[in-house]
Amino acid sequence: MKKIGLFVLGFILFLGPFSIAMAQQPTICAIHPFTGRFAFAGIEGSVAMQDVVDMANEAGGINGKKIQYYWADGEYKDDVAIAAFKRLYAQHTPQIMFGQSTGMTKALGPEIKDRYKVLYSAYTMTSEAANPKENPYLFIAAPTYTEQVGVLLKYIAKEKPGANVAFFYSDTEFGREPILASREMCKKLGLNLVAEEVSQVGGVDISTQVLDMKAKKVDYCIFHGYVSNPIAAVIKQSKDYGLNAKFMGTFWSTELQLLKELGPLADEYVGVSAYSFYYMEENPMIKKIRDWTKKKYPKVEYRSQSYMEVFITTHLFVESFKRADKMKGGITGDNLVKALQSIKNFDVGGLMPPVTIKNNSIPVGRVYRGNSKTMRFDPISDWIRLD
Amino acid sequence: MDLSILIQVIVAGLATGGVYGLIALGFVLIFKATSVLNLAMGEFMTLGAFICFTALTMIHVPFWIAFAITIVFAILLGIVIEPLILRPMIGEPIISVIMVTIGLGAILRGLMYMIWDPTYRAFPQIFSPKPLKLGFAVVPSGLLWGFIFAVITTIVFILIFKFSRTGVAMRATANDQQAALSMGVSVKRVFALSWSFGAIAAVIGGIVIGNISGINIYMGDVGLAVLSVIILGGLDSIEGAILGGFIVGILQNLTGLYIDPLVGGGAKEVAPFFIVLIILMIRPYGLFGKVIIERV
Amino acid sequence: MRCGDFKENYIKDEEIFPSRFVKFWLALFFIFLIIFPFIANAYMLYITNMIGFAVIGAIGLNLLTGFTGQISLGHAAFIGVGAYTSAILITRYGVSFWLSIPLAGLVSALAGLVIGIPSLRVKGLYLCIATLAAQFIFGFIFVHWESMTKGITGIHIPPPMIGSFKFDTEKNFYWITLVFVVLGVGYARNLVRSKMGRAFVAIRDRDLAAEIMGINLFRYKLTAFAISSFYAGVSGALWVSFLKVVIPEHFPFMLCIQYLAMVIVGGLGSVIGSIFGAIFMTLVPELLNVLSDVVRSYTPGMGKLIIPFKQVVFGFLIVSFLIFEPRGLAELWNRIKKFFTLWPFSY
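Residues numbered from 1 in each chain as written. Chains lettered and ligands numbered in written order. Predicted model: local features only at pLDDT ≥ 70, side-chain atom pairs only at ≥ 80, totals over all residues.

> Tell me about the overall build of chain C, and please be specific about residues and values.
In terms of regular secondary structure, chain C is built from 15 helices and four strands. For a compact globule of 347 residues, the expected C-alpha radius of gyration is about 20 Å, and chain C comes in at 21 Å, within 12% of that figure. By its C-alpha atoms, chain C is 60 × 60 × 45 Å across when sized along the principal axes. With 347 residues in all, chain C has 50% of them scored as buried. In chain C, the share of contacts with a sequence separation of at least 24, taken over all contacts with a separation of at least 6, comes to 77%. (Helix = DSSP H or I, 4+ residues; strand = E, 2+ residues; numbered from the N terminus. Rg over C-alpha atoms; globule rule 2.2 N^0.38 Å. Buried ≥ 20, exposed ≤ 12 C-beta atoms within 10 Å, placed from the backbone. Contact = placed C-beta atoms within 7 Å.)

Printed below as a string of structure tokens:
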């Protein structure tokens, strides 16, 4: 027992000096899912955040002050992430934090509002994070999942009014989040929601779901809550079973790795994303990212959409820091929120159309179709405003 | 529901059940000889899939050679792990041994993360993607090959156990270790070999599942649902593993067809566990398992 | 320390704190526990609270698995039942936090009774898998019984209050945790030296022989399940009032594994082992995190490899513990004490 006491004392003494020294600098702390199902996103996202911080610091930081950046692994488990959040906060007292998942965001939401008062975003596009009345400190640099499904539904309604639609989502918080509101949207757009299929991420067999969709004569199937598995399996098996439906998905599955899995069937998939892709070099920001990447990580050939999401979020963090620094009181959570909400028509070099924060989110998206010959996504619509 | 859909669902269930049976076989092979429930089976599976994938994409060998490499790897895995980790645990309560296998799984997962990174990958196309068109149903290619592999592997193991010397030695050890020892059977070798056999079944399962749904380091989580298969079939019965797999596969799909729409999804994944509880009430040792008679 | 054994009657033999030396150090420890929240920061208090909840849960599991020999892979489900019961009682029926804790424990105990029924038919590994099935079935219920549990959205819970004093920070909640941990440990320690405790151990060692000697297996096995689940329920109820939110994803299968690891690494069949195990399994990952932060600041390129290495180290620790010290930390503690009993003589 005594040993534990000594250890704890030593621990406090170890941490003490650090927290005092770092509190004044603009500081970002992030929890990335380095392990777990979202690891591919966490690894790319953390690099993105590091890149933006480095770029900003190289350009002079925030009026001369360098941005401090610390991160931890949340393992895509909520309790680990919450512990990491509290640890990072206790050690560095950041003004901005970035979280790993929908679950963690929902769990910490009330405490961020009452206690921590930091500007916060995460690897999620849940509507709770785009709700300035309930959660003023939370925001997302993208449309919410509900808005994304909305884009797809509007696209369907234009292409085939009154079509039969199915939702295919994962049995998780992430997957179920937009379903309620999307059901309403179907009714409003006059589409028939004939089936809802649920499966675990990584289910081995999805034949019953495919057959159910065939029986209900589904025309369009919208995936949500998955990354690539089992979307590829569903699309492949639909050909085997004779299900003639068109397949669409939301942000996290609209990635090149899905196209690789689909192979020749890549043309079947249509997705929605808020950002341009790494190969769209005509955009100055993309070019900047490419040059930076070639310089620092010469072996890397591609940066995924997860990278883009965190990149733009951090870019907005930096901009908020700059604006808040000029306000009375300097860089505090409340000023950062005001700064963020003042962002209107902010040019981000083509990564997205000029950014205006509305309701703590950016309700803009574009529809892309997979191309099996080039193994890329081609835009099949213009930037759509979702409000 | 019209009949053709029902038949299709049953056929698909049969094929998936084959895949389950394969993994269940891995569990049973290890349990039969050593009485250990190896909860690291999911990681063995994933490891097998990755080895095969690496052989196919890095060294560009044809499939049969990659397959052989993976099998050899599985044998080595069993031979290395058993003496290192399981033998010191002989005589410890069963719960500690299960915990050791869980720890082993964690180590393997961490190592796999470090060697290959966590992106999802598509398995290279090794079988023709054309589905099998029976008159009344269609079987997608991934499931079909899974079924074929499962049946062949089971038959091979049944033959080994029945007719080869090694197999007889393993059965003897499973029955009574002391007696087997006194008959000259090297129990140590039998233990290591049974782990190798289990690993072989697991890696084949991994290749099959990788073919169906792509590989990534977390694909081993399907291993838990397979526990219901071995309860149904009996923890120490090889035939039980594959037959149990079929039954669970079909029942699971039927649940997906009829019950999922009622509860808004998710029932399909939990159905095997309901099956477990029912079986334990009616026939605790499974369909083909050996009934344990205890004496004070 | 004392050496030799000079007990003169059974009462003295069963004493938990036999000497003044032990009582003195215990008092000192309690004083430390009371001073602790005033010197620790919020993060450490968070960890301490988590350790407290883990201790209660681990003791429950140890009573069932370590003392009665019934392997349970469903502990997380009972924690979840207690958690949700408490949340639902507080938010839907306006029950006060203080009343909801024992009620949550009771509901969990009921669930435990139900899940314990297979234990009368099957043993060992089969029971293990039955409890695993229960774990997944409860998980399913948490997600799909939306009218009660609000499904994946989860329930937000207000912090407990006495009068106008809110227990909403880690420091304030610490007192609640402390009280419950002390109660839980005290009860368990007394339970194992009572008639019921001896019955449990008899069932674990040779249940057929126990039955012949007149121990009603039916009654004691179910009681073991019930008490174990009561502890789990209380632990869960405390945990959710601390976190102020409960979602189904808080109770995955991994949590069962963690508790099992606590109990096994700490020492099966030992109350102090459960405490050690709970501390070990909560602190070690956090220590590894801090360590990897430090290593990362010195070797920036290695950052990506350190993360999975943490998993490897962790699995490795569990495996080595089980191989080299199969009776757990409690055994290690006993050996250290024995060594000092005779020090500086070696035997």
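> Can you break down the pairing of strand β1 (residues 27-32) of chain A residue by residue, with the values?
Residue and element names in this part refer to chain A. The buried fraction of β1 amounts to six of the six residues, a majority that puts the element mostly inside the structure. Every second residue of β1 is oriented toward a common face, with Thr 27, Cys 29 and Ile 31 on one face and Ile 28, Ala 30 and His 32 on the other, all of them buried. Looking at chain direction, β1 and strand β2 (residues 68-73) are connected through six bridges and run parallel. Looking across to β2, one finds that Thr 27 is bridged to Gln 68. Considered for its hand, the β-α-β crossover made up of β1, helix α2 (residues 39-58) and β2 is right-handed. Across three bridges, the pairing between β1 and strand β3 (residues 96-99) is parallel. Bridge pairing links Ala 30 to Phe 98 in β3. (Pairing = 2+ DSSP bridges. Right-handed = clockwise from strand over helix to strand, strands pointing away.)

> An account of the pairing of strand β11 (residues 376-379) of chain A is needed here, citing residue identities and associated values.
Residues and elements named next belong to chain A. Across four bridges, the pairing between strand β10 (residues 364-371) and β11 is antiparallel. Its bridge partner lying in β11, Arg 369 is registered against Asp 378. What sits between the antiparallel neighbours β10 and β11 is a turn of four residues, in which Met 375 has the positive phi angle 55°.

> Break down the domain arrangement of chain A for me, with residues and values.
In many reports, interface size means the accessible area that the parts give up when they come together. All names here are of chain A. Per the domain assignment, the segments of chain A are domain 1 (2-142 + 282-356) and domain 2 (145-273 + 366-385). Spacing between the C-alpha centres of domain 1 and domain 2 amounts to 30 Å. Taken residue by residue, the interface counts 11 residues in domain 1 and 12 residues in domain 2. For the side of domain 1 that touches domain 2, the class distribution of residues is four nonpolar, six polar and one charged. (Domains from an automatic or database assignment. Nonpolar A, V, L, I, M, F, W, Y, C, P; charged D, E, K, R; others polar.)

> How would you summarise the environment of C:Val295 if you had to cite specific residues and measurements?
Checked against the element boundaries, C:Val295 lands in helix α13 (residues 271-298). Sequence-wise, C:Val295 and C:Phe309 are 14 residues apart; in three dimensions their C-alpha atoms are separated by 12 Å.

> Describe the packing of α13(C) against helix α15 (residues 328-342) of chain C, listing the residues and the values that go with them.
All names here are of chain C. Look at α13 against α15: their axes get within 7 Å of each other, and the N-to-C directions meet at 115°. Between α13 and α15, the angle falls in the class roughly perpendicular. When the axes of α13 and α15 are compared, the crossing they make is right-handed. Mapping the contact onto sequence places Ile 272, Gly 273, Phe 276, Gly 277 and Phe 280 in α13 and Gly 328, Leu 329, Ala 330 and Trp 333 in α15. Grouping the amino acids of the contact of α13 with α15 by side-chain chemistry returns six nonpolar, three polar and no charged. (Axes fitted to C-alpha atoms, helices over the stretch in contact; angles between N-to-C directions. Parallel < 35°, antiparallel > 145°, perpendicular 65-115°, else oblique. Left-handed = near helix turned anticlockwise from the far one by under 90°.)

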